[in-house]
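Each chain, written out:
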2 protein chains.
Amino acid sequence: METLSTLGEFGLIHRIQGLIREEGVSAPGLTLGLGDDCAAFLPRGGHHLLITCDCMVEGRHYLPQWISPFDLGRRAMTMNISDIGAMGGSPLYAVVSLGLKGEENVDGILEMYRGFLSELNPLNASIIGGNITKTDGSPFIDITLVGEVAVGSMLRRSSAKVGDVILVTGFPGRSGAGLQLLRKAASWEEVRGEPLIRAYNTPTHRAREGRAVALSGHATAMIDTSDGFLGDLGHICEESRVGVELNKDRLPLSEDLIRAASRLGKDPYEFFFGESDDYELIFTCPPQHVGNLRSAVASVSDVAVTEVGRITAADRGMRLVEPDGTASTIRPAGWDHFSAS
Amino acid sequence: METLSTLGEFGLIHRIQGLIREEGVSAPGLTLGLGDDCAAFLPRGGHHLLITCDCMVEGRHYLPQWISPFDLGRRAMTMNISDIGAMGGSPLYAVVSLGLKGEENVDGILEMYRGFLSELNPLNASIIGGNITKTDGSPFIDITLVGEVAVGSMLRRSSAKVGDVILVTGFPGRSGAGLQLLRKAASWEEVRGEPLIRAYNTPTHRAREGRAVALSGHATAMIDTSDGFLGDLGHICEESRVGVELNKDRLPLSEDLIRAASRLGKDPYEFFFGESDDYELIFTCPPQHVGNLRSAVASVSDVAVTEVGRITAADRGMRLVEPDGTASTIRPAGWDHFSAS
């Protein structure tokens, strides 16, 4: 087996550059790609540039025995693409920084780059730079992604208005349930085909949907569900200084999530509300524009769009209304990777 | 002592955001800073955007017992600023991704951010985003820096021409010698005031000088010496498909480097040519423009600019000419962090 230590850093970089040249698309505007002190590009007029960064550490955000290198590359790129999509933008250029131990199989590293490209190519985005360093600790994948959004289209977290309807794409919670199934499984092979495990290992971003929502001009705020549905809805509340009222019987629970929750002896709403790397979109709009937004999403995707509640005044907090009309306060647990508790 | 584990990730992020708002400058063009899915900015017309990424891993690129958190922040940002400067550009926006263990002192982390800002503020550049993740392994600091350079001014590695003069700023090798002194020292306190150790711990970028060189329009190629003088000159040879002839008696050896080499029982040229994080600039130009380039640099800085040799045809390779006229072939050892040897 050829490892990084036998091939050497510069040898690996040459292989990666060759792979990107052969199998990657060339993003528009690029004036200088891999191989100098910097990459360079000519930005388009009339557009904001967007920039986001997310890092995955082995043992914490993924376990190599549970995911193939190709899927790991897809997953790492998807979480960054999702952030660009959540602003209404399109990804353009990725910078990939890897920390590696040296004992890694070179073929596996190249497969991971194929995973990156399989997410970037369909969006006409490319890898234009990066860094490879040795680490004695846990390997990591740190990606910075640059995108663009037309001036006037950018959607923030901080602009939801009281009375707005809250919409969500897809079926949040499936990825979190998939992770639980993985943890209980005797081996990855046993469960790899399960839809919920695919949802965890290779989640789908909603960048095209996000762009369509933004271009429609009808949404007031948007965020992706990378911190879980309630955590991210909480970010909208905090940044927009509003409250929310959710209708429990409208929350989109998928059949496979309900079945998995039953197998795991859990309440399916725990998965829906809690930590789950689904990368769905939550967005808000005035009630009269719900139909326009549904049409906008339907023009690019078959994903379900569900109306789940309303934006309220901040002092109402976050509330969940049962079918019988009784309401209770709910709190996002949030993701706090360092909290002592 | 307050640690990350007691404060929590979101608590730390709020502290960092507060510090950046209070102590950082606001870079021009920024439309959305910290706190959403992405940061956003409006790029200027007539400029390429530049992007670079460098990562430092504890135990490999720095040892916490040898550098203060403030200086560590300065050093990490300097290496990225240097890459922007080596294209002739100016830094604008930094994205900082940290991997932390959780036991870190919060005050130390904030001091590191002050170090970042102390390098960015004078250049009117700011931190606009980032990520904080937990790692069970070695902590790391991964920075992606965005800059700009006017169209027509960008300087690459690949455009040196046969007959060009080779110039270098400052006195390469000092940082590498400083590292050796640190390794031999009983304690950091004993040696922290030494100029060569300062050169290692808090190197100076030459971004202003690089920009002046680029704006003059007289240089043909440029690179920074982050891989050591010979390693980076080798990159120019490879990318420009040229050779070089260096005059040994012209190479700028600083007095303190000569003294340190003597104390360490080493040849000072080993430090000059070898691995050393100096972040000086190597640039090339036709012979008749040397004076213009010296003036351009002198207009922004007191740093020495030394003519060290000429660009030759590729088939001559890299040669070192002794004062008596005899010549020998030299080879960059290069930095290869993963090579098995």
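The residue numbering used here restarts from 1 in each chain and proceeds along that chain's sequence as written. For naming, the first written chain is A and the first written ligand is 1, with later ones following in the order written. Given that the model is predicted, a residue must reach a pLDDT of at least 70 before its local features are reported, and side-chain atom pairs must reach 80 or more before they are shown or counted; all residues, however, enter totals for whole chains, interfaces and linings. Each side-chain value is worked out from all heavy atoms of the structure, with water and hydrogens disregarded.

### Focus on empty space enclosed by the protein
All names here are of chain B.
Step number 1: A 1.4 Å probe that fits but cannot get out identifies a cavity on a 1 Å grid over protein atoms alone, an open set with protein on both sides within 12 Å along at least five of seven lines counts as a pocket, and a residue lines either if it has an atom within 4 Å of a point. Grid points are joined across faces, edges and corners, and a volume is the space filled by probe spheres set on the points. Tallied over the full model, the rule gives one cavity of 30 Å³ or more.
Step number 2: Reported here for the largest cavity is a volume of approximately 30 Å³.
Step number 3: Around the largest cavity, the lining residues are H61, Y62, L63, W66, I67, R75, Y200 and N201.

### Remarks on the pattern of salt bridges
Step number 1: Take a side-chain nitrogen of Lys or Arg and a carboxyl oxygen of Asp or Glu: if they are within 4 Å of each other, that pair is a salt bridge. Tallied over the full model, the rule gives 30 salt bridges over all chains.
Step number 2: A:K248 serves as the salt-bridge partner of A:E322, at 3.9 Å between the closest nitrogen and oxygen. On the criterion of sequence distance, the pair formed by A:E322 in the loop between β12 (318–321) and β13 (327–329) and A:K248 in the loop between β9 (242–247) and α10 (255–264) is long-range, its members being 74 residues apart.
Step number 3: Three labels apply to residues, based on accessible area from a 1.4 Å probe with only protein chains included: buried if under 20% of the type maximum, exposed if over 50%, partly exposed otherwise in between. Residue classification places A:E322 among the partly exposed residues on the basis of a relative accessible area of 26%.
Step number 4: A salt bridge links B:R206 to B:E280; its shortest N-O distance comes to 2.8 Å. Residue B:R206 is located in the loop between α7 (195–201) and α8 (207–216), and its partner B:E280 is located in the loop between α11 (268–273) and β10 (281–285); the two are separated by 74 residues in the primary sequence.
Step number 5: For B:R206, a relative accessible area of 14% puts it in the buried group.
Step number 6: Overall, the relative accessible area of 6% leaves B:E280 in the buried class.
Step number 7: Three or more residues are tied together by salt bridges with common partners; here these are A:E23, A:E111 and A:R114. Helix and strand assignments follow DSSP, with helices taken as H or I runs no shorter than four residues and strands as E runs no shorter than two, numbered in order from the N terminus.

### Brief notes about the sheet that holds strand β1 (residues 30–32) of chain B
Step number 1: Criterion used throughout: strands pair if DSSP finds at least two bridges between them. Spatial strand order, β5(A)-β4(A)-β6(A)-β3(A)-β2(B)-β1(B): six strands in an open sheet with mixed pairing. Looking along the sheet, the strands with just one partner apiece sit at the ends: β5 (126–134) of chain A together with β1 of chain B. With direction set aside, neighbouring strand axes in the sheet form an average angle of 20 degrees.
Step number 2: Pairing of strand β3 (residues 47–57) of chain A with strand β6 (residues 140–150) of chain A involves 11 bridges; the strand directions are antiparallel. To define axes, lines are fitted to C-alpha atoms, for helices over the stretch in contact only, and angles between the resulting N-to-C directions are given on a 0 to 180 degree scale.

### Brief notes about the relation of the copies chain A and chain B
Step number 1: Only residues with pLDDT of at least 70 in both copies count here: their C-alpha atoms drive the least-squares fit that superposes the copies. With an RMSD of 0.0 Å, the fit of chain A onto chain B corresponds to turning through 180 degrees and sliding 0.0 Å along the axis. Such a combination of turn and shift is consistent with a two-fold rotation axis. Rotation axis and chain A: the residue whose C-alpha lies nearest the axis is A:G137, separated from it by 1.9 Å.
Step number 2: Most of the interface of chain A is mirrored in chain B, where 100% of its interface residues again form contacts. Note on contacts: a residue pair is in contact if any heavy atoms of the two residues lie within 4.5 Å.

### A few points about the packing of aromatic side chains
One pair of aromatic rings is described through two measures. These are the centre distance and the angle between the planes.
Step number 1: Only the six-membered ring of Trp is used, alongside the rings of Phe and Tyr, when aromatic pairs are assigned; centres must lie within 6.5 Å, and planes under 30 degrees apart are stacked while those over 60 apart are edge-to-face, with the rest tilted. Considering all chains together, one arrives at 13 aromatic pairs over all chains under this definition.
Step number 2: When the ring of A:F41 is compared with that of A:Y93, the centres are 4.3 Å apart and the planes differ by 40 degrees; the resulting orientation is tilted. With A:F41 in strand β2 (residues 39–41) and A:Y93 in strand β4 (residues 90–100), the pair connects residues that are 52 residues apart, well separated along the chain. Each member of the pair, A:F41 together with A:Y93, is buried.
Step number 3: Their ring planes at 85 degrees and their centres at 5.6 Å tell us that B:F272 and B:F273 sit as a pair that is edge-to-face.
Step number 4: Judged by relative accessible area, B:F273 falls into the buried class, the value being 14%.
Step number 5: In this structure an aromatic cluster arises from ring pairing among A:F229, A:Y269, A:F272 and A:F273.

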